[in-house]
Amino acid sequence: MEREKITQAEALMVELKKLLLQITWGDKRYAYNGQKLILPWLHEDYQYSIKKLNLSRDKEDYYLEKIERIIGEYAEFY
């Protein structure tokens, strides 16, 4: 059961990376309504998705930290 949850968490991380790459690739950096404005909502959504998996505390912390790092790579203002 725990292995399935870890597999799901890893899939979420890959999905987040792909989504962020897609958003930032076509984003106009200084546009008022740039696509990067959605990053805080994505951040919360993926955090919630990890918490919903009910992983062990250390695994949950690991994936939440991983989300922080992934989002941080793509958002200089976040």
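Before going into details, it helps to say that this report is about the structure given with it.

The helix and strand tally for the protein chain stands at three helices and zero strands. Each helix and strand of the protein chain, placed in order from N terminus to C terminus, yields the pattern α-α-α. Per-residue burial over the protein chain gives 33% buried out of 78 residues. Contacts in the protein chain between residues far apart in sequence, at least 24 positions, make up 67% of those at least 6 positions apart. In the structure as shown, the protein chain presents an accessible area of about 5,700 Å², 53% of it carried by carbon and sulfur atoms.

Glancing now at the side chain of Glu60. By the element assignment, Glu60 lies in helix H3 (residues 57-74). Residue classification places Glu60 among the buried positions, given a relative accessible area of 12%. Discounting residues that sit within four places of it in the chain, Glu60 has contacts with Ile50, Lys51 and Leu55.

Further remarks concern the pattern of salt bridges. What the rule picks out here adds up to four salt bridges. Here Arg57 and Glu60 are joined by a salt bridge, their closest N and O atoms 3.4 Å apart. Of this pair, Arg57 and Glu60 both sit in helix H3, separated by three residues, roughly a single helical turn. Note that Glu65 is salt-bridged to Arg69, the shortest N-O span being 3.3 Å.

With that settled, the discussion passes to the nonpolar core. The biggest cluster of nonpolar side chains holds 18 residues, and the ones touching the most others in it are Met13, Leu16, Leu20, Ile50, Leu55, Tyr63 and Ile67. Of all the elements in the fold, those that place two or more residues in this core are helix H1 (2-25), helix H2 (39-52) and H3. With seven residues, H1 is the largest single contributor of residues to this core. Excluding anything up to four places from it in sequence, Tyr63 contacts Ile6, Ala9, Glu10, Met13, Ile50 and Leu55.

Conventions adopted
- Throughout, residues of each chain are indexed from 1 in the direction in which the sequence is written.
- Selection of residues for local features in this predicted model requires a pLDDT of at least 70, selection of side-chain atom pairs for listing and counting requires 80 or more, and totals for whole chains, interfaces and linings are taken over all residues.
- Based on all heavy atoms of the structure, the side-chain values leave hydrogens and waters out of the count.
- The secondary structure listing takes helices from DSSP runs of H or I that are at least 4 residues long and strands from runs of E that are at least 2 residues long, numbered from the N terminus.
- Per-residue accessibility, obtained with a 1.4 Å probe over protein chains only, is compared with the maximum for each type, and a residue is labelled buried under 20%, exposed over 50%, and partly exposed between these values.
- The contact criterion used is simple: two residues touch if any of their non-hydrogen atoms lie within 4.5 Å.
- Computed by Shrake-Rupley with a 1.4 Å probe, the accessible areas treat only the displayed protein chains as cover when residues are assessed.
- Throughout this description, the term salt bridge denotes a Lys or Arg side-chain nitrogen within 4 Å of a carboxyl oxygen of Asp or Glu.
- Here, the term nonpolar core denotes a set of buried Ala, Val, Leu, Ile, Met, Phe, Trp, Tyr and Cys residues that are joined through side-chain atoms within 4.5 Å.

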